[in-house]
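# Close look at the chain arrangement
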Amino acid sequence: MPAADLTLPGLPLSATVLDRRGDLRADPQLLARLLADPATRVLRLVGDRAAVETVDGGVPSVVLTPPEPADAGRLALFLGESDGRAHVAVVADDLLEIVDGDPAWHTLRSVGADLDDLGASAFATTLALSNWHRAHGHCPRCGTPTAPALAGWIRRCPADASDHYPRTDMAVIMAVVDADDRILLARGKGFRGNGMSVLAGFVEPGESLAAAVAREVAEEVGIEVTDVTYLGDQPWPFPSSLMLGFTAKALGTELRLQEEEIEAARWFSRDELVAALADGSVVVSGRVSISRRIIEHWFGAPLDSPEIPLR
Ligand SMILES: [Zn+2]
């Protein structure tokens, strides 16, 4: 597929590699047939981890293996096709004790920035979809346990035949820049160490994206913004978000922090940020995140900074 013309190209987790082949999902035998075919490539998710391998010093990828007999009894999700091969994700939480402590198994947060495009998008899709299955086992209409259908892309209620679709929670994340071209960074409650980031928050029902940006900034730091401009977006399956990145111009500089959410916030010139990163008084988000890419977009170059520790 053609890449869109984005201000932030190549965001981690955002590549389009798999042809999802939604047209095949209605076949009720699809997964059973693919899991009986040794040509199928299977990504096994255990908890929130997948096995990662690096072949001959190349780019790391997720381990994709032929199906094994035990997969037939596990939650399976048809991811699509790549290079003419079917890709299926299998949730193998029965292996948790075996995988625990095995250094080959990684979370998407820890390895997502380094994975090849196929591995990153397959892992992100698997995590987002499996998180939804784990949290939506009952019908919201009548409470009956639901069952996966459409090759893992919906859940269906056997009592009232209602179909339930995976949800994606939209969140806006934005660089707020003042008239002197300084960026606003904030430390949310619960950030580790000296971590600071751009502001972010969930889009509310009935709200446009630009309105969500303006509201979140006003609520969290008391600043009015204008010129809200889209930068790019990134799946963020922790557990089910889509991060929509923006930049916005501040109409003032006086900060009024929302104490329940924001522990600290301040404006940084480029020189001030370089100094703060160098002396360790500020640590920014990891390379996997759109947060860091938004800060680097404002800065004009990749940042030389360790990363906020990840699980
Ligand atoms: Zn129902």
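Refer to the preceding data block for the structure.
Residues numbered from 1 in each chain as written. Predicted model: local features only at pLDDT ≥ 70, side-chain atom pairs only at ≥ 80, totals over all residues. Heavy atoms only, no water.

Where strand β13 (residues 225-236) lies against strand β14 (residues 241-250), 9 bridges are found, and the strand directions are antiparallel. Among the inter-strand pairings, W236 is bridged to a residue of β14, identified as S241. Connecting β13 to the next strand, β14, in antiparallel fashion are 4 residues. (Pairing = 2+ DSSP bridges. Helix = DSSP H or I, 4+ residues; strand = E, 2+ residues; numbered from the N terminus.)

Attention now goes to the coordination of the zinc ion. Ideal donor angles around a metal are set by the shape: a four-donor tetrahedron calls for 109.5 degrees, a six-donor octahedron for 90 or 180 degrees. Donor atoms from the polypeptide that bind the zinc ion are C139 (SG), C142 (SG), C157 (SG) and D160 (OD), placed at 2.2 to 2.4 Å. Exposure remark for C142: the relative accessible area of 41% places this residue in the partly exposed category. (Donors = N, O, S within 2.8 Å, 3.2 Å for Na, K, Ca; no water. Buried < 20%, exposed > 50% of the residue type's maximum accessible area, 1.4 Å probe, protein only.)

The next point concerns helix α4 (residues 117-135). Its 19 residues place the ends of α4 27 Å apart at the C-alpha level, agreeing with the 27 Å of an ideal helix rising 1.5 Å per residue. Of all 19 residues in α4, 15 are buried; the element is thus mostly enclosed. (Expected span 1.5 Å × (residues − 1).)

For the rest of this paragraph, the subject is the sheet that holds strand β7 (residues 147-149). Spatial strand order, β7-β8-β9: 3 strands in an open sheet with antiparallel pairing. The open sheet has two edge strands, β7 and β9 (163-164), and neither has a second partner. Where strand β8 (residues 154-156) meets β9, 2 bridges bridge the pair, whose relative direction is antiparallel. When the bridges of β9 are listed, R155 appears paired with H164. Set on the sheet, α4 makes contact with β7, β8 and β9; between it and β8 the angle comes to about 20°. (Contact = heavy atoms within 4.5 Å. Axes fitted to C-alpha atoms, helices over the stretch in contact; angles between N-to-C directions.)

Turning our eyes to something else, we now look at the layout of surface pockets. Roughly 1,100 Å³ of volume is contained in the largest pocket. The leading source of residues in the lining of the largest pocket is strand β12 (residues 199-202), at 4 residues. (1 Å grid on protein atoms, 1.4 Å probe; cavity = no way out; pocket = protein on both sides within 12 Å on 5 of 7 lines; lining within 4 Å. Points joined across faces, edges and corners; volume = space filled by probe spheres on them.)

Note that S285 resides in the loop between α6 (270-278) and α7 (290-299). The buried category is assigned to S285, whose relative accessible area is 12%. A distance of 3.2 Å separates the side chain of S285 from the side chain of S291, its partner in a polar contact. (Polar contact = N/O pair within 3.5 Å; in protein donor to acceptor, adjacent residues only side chain to side chain.)

Time to look at the environment of F123. Structurally, the position occupied by F123 is in helix α4. Residues F123 and A210, 87 residues apart in the sequence, show an inter-C-alpha distance of 30 Å. Setting aside anything within four residues of it in sequence, one finds F123 in contact with L43, L45, D48, R49, A50, V62, H106, T107, L108, V111 and L115.

With respect to the helices and strands, T146 occurs in the loop between α4 and β7. Overall, the relative accessible area of 10% leaves T146 in the buried class.

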